[in-house]
Amino acid sequence: MEFDFMNHSIPWLEWTGLHMSPWKIIGLTGALMFGGRWLVQFIASRKHGKPVIPRLFWYMSLVGSVMTLSYFVFSQKQDSVGVIQNLFPAFTAAYSLYLDIKHRGWHRDRASH
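Predicted, not measured: the structure shown is a model, and the values here were computed from it.

Let's shift gears to the UniProt feature "domain: Lipid A biosynthesis N-terminal" (unreviewed entry) in the protein. With numbering aligned to this structure, UniProt lists the feature "domain: Lipid A biosynthesis N-terminal" (unreviewed entry) at residues 26-99. Between the first and last C-alpha atoms of residues 26-99 the distance is 27 Å; the span itself is 85% helix and 0% strand.

Generally speaking, a soluble globular protein has its nonpolar side chains buried in company with each other. Counting residues in hydrophobic clusters, the biggest one holds 5 residues: F57, W58, A93, L97 and I101. Elements represented by at least two residues in this core include exactly helix 2 (55-74) and helix 3 (80-104). With 3 residues, the single largest contributor to this core is helix 3. Sequence-distant contacts of I101, that is, excluding residues within four places in its chain, are made with R55, Y59 and W106.

Inspection of the entire model under this criterion finds 5 aromatic pairs. Measuring from ring centre to ring centre gives 5.9 Å for W23 and F74, while their planes differ by 25 degrees; the resulting arrangement is stacked. A residue pair is termed long-range when its members are at least 10 positions apart, and W23 in helix 1 (residues 22-48) and F74 in helix 2 qualify at 51 residues. A residue is classified by how much of its surface remains accessible, and W23, at 12% relative accessible area, is buried. With a relative accessible area of 52%, F74 lands in the exposed category. Members of the aromatic cluster, joined through ring pairs, are W38, F57 and W58. The lysine or arginine in question, R37, covers the ring of F34, its NZ or CZ lying 3.7 Å from the ring centre.

Rules of the game
Residues numbered from 1 in each chain as written. Predicted model: local features only at pLDDT ≥ 70, side-chain atom pairs only at ≥ 80, totals over all residues. Heavy atoms only, no water. UniProt positions renumbered as here; feature names shortened; annotations may be inferred. Helix = DSSP H or I, 4+ residues; strand = E, 2+ residues; numbered from the N terminus. Core = buried A, V, L, I, M, F, W, Y, C linked by side-chain atoms within 4.5 Å. Buried < 20%, exposed > 50% of the residue type's maximum accessible area, 1.4 Å probe, protein only. Contact = heavy atoms within 4.5 Å. Phe/Tyr/Trp six-rings, centres within 6.5 Å; stacked < 30°, edge-to-face > 60°. Lys NZ or Arg CZ within 6 Å of the ring centre and 35° of its normal.

And the structure:
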């Protein structure tokens, strides 16, 4: 396999006791990004005093879903449950981002929420 190195532990991290492959880092980063979108939404809603979903929420949803999806598809994990779990949110986030850009344009900060 030409990308087999992606499934092996990163040597310069081993001294820390962490045995993580590049795919594991991609998957964890995606999971943190997908979960962190709720903090972004909370801060935006608190700032505006009403429920608001900022565009960053959809970007984080899409990127986080794609990263975790790629982990479950391409790593040694190859877990169908993880694929299904991340496939649908990726489509939903992409469609919602498309609608947000279509409705408010690229310069959302000039439009009302």
